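The lines below spell out each chain.
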Amino acid sequence: MRMKLVCSKRTNPHTRGIRCHSEGSLMFYVLGWLLVTSLIALWSLVAWALHAVAEWALSNAAALTGAAASARPLPDWLEPWVSTDLAQWLGSLLAEPGPFVEGLLQAAPALASGLTVAAWVLWGLGSAMLLLLGAGLHLCIARWHRRDLPA
């Protein structure tokens, strides 16, 4: 199957800079950058969700430590299905990080102020890496099609 050329076929050896690309090769470029754009959108969604969860955890840290120290580890509907040894182990597991979390609560205002900055920095680094991936993919497609061009 022959593809239509986007530019005219080069015949003059002095016009080496002119490259002929078929419509099929243009499709590879579009698909490559569509993939990169989709990955950036997915990365943005993940970064936003992690930032929201971390912000929620910092804002509710006091309630979480109080609940961990005083509440039972299992809901009422689940207690008949779980052995008492497992329920006691879960209770002790939730009580152990209490002092650590209380120490974090004292530092929570400082953590909350840097959380948004850290989220933006991580998002920017991840997005830059994805753009570099897109540029590398673009160069690989260009080299692959340059090899297939007629002289």
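Residues numbered from 1 in each chain as written. Predicted model: local features only at pLDDT ≥ 70, side-chain atom pairs only at ≥ 80, totals over all residues. Heavy atoms only, no water.

### Thoughts on the overall build of the chain
Part 1 of the reasoning: Broken down by element type, the chain carries 5 helices and 0 strands.
Part 2 of the reasoning: Counting from the amino terminus, helix and strand elements in the chain follow one another as α-α-α-α-α.
Part 3 of the reasoning: Within the span of the chain, comprising 151 residues, buried residues form 16% of the whole.
Part 4 of the reasoning: Restricting to contacts in the chain with at least 6 residues of sequence separation, those with at least 24 account for 62%.
Part 5 of the reasoning: Surface summary for the chain: the accessible area is close to 11600 Å², and the carbon and sulfur share equals 71%. (Helix = DSSP H or I, 4+ residues; strand = E, 2+ residues; numbered from the N terminus. Buried < 20%, exposed > 50% of the residue type's maximum accessible area, 1.4 Å probe, protein only. Contact = heavy atoms within 4.5 Å. Areas by Shrake-Rupley, 256 points an atom, 1.4 Å probe, with all protein chains shown as cover.)

### Side note on the packing of aromatic side chains
Part 1 of the reasoning: Going through the model one piece at a time under the given rule, you end up with 2 aromatic pairs.
Part 2 of the reasoning: Relative to Trp 144, the ring of Phe 28 has its centre 5.1 Å away and its plane inclined at 75 degrees; by these criteria the two rings are edge-to-face. On the criterion of sequence distance, the pair formed by Phe 28 in helix 1 (residues 23-59) and Trp 144 in helix 5 (residues 108-148) is long-range, its members being 116 residues apart.
Part 3 of the reasoning: The exposure class of Trp 144 is partly exposed, given its relative accessible area of 37%. (Phe/Tyr/Trp six-rings, centres within 6.5 Å; stacked < 30°, edge-to-face > 60°.)

### Remarks on empty space enclosed by the protein
Part 1 of the reasoning: Across all of its chains, the model carries 2 cavities of 30 Å³ or more by this definition.
Part 2 of the reasoning: When its volume is computed, the second largest cavity comes out at roughly 30 Å³.
Part 3 of the reasoning: What lines the second largest cavity is Tyr 29, Gly 32, Trp 33, Val 36, Gly 134, Leu 137, His 138 and Ile 141.
Part 4 of the reasoning: Among the elements of the structure, helix 1 and helix 5 are those that each provide at least two residues to the lining of the second largest cavity.
Part 5 of the reasoning: When the residues that make up the lining of the second largest cavity are grouped by side-chain class, the tally is 5 nonpolar, 3 polar and no charged. (1 Å grid on protein atoms, 1.4 Å probe; cavity = no way out; pocket = protein on both sides within 12 Å on 5 of 7 lines; lining within 4 Å. Points joined across faces, edges and corners; volume = space filled by probe spheres on them. Nonpolar A, V, L, I, M, F, W, Y, C, P; charged D, E, K, R; others polar.)

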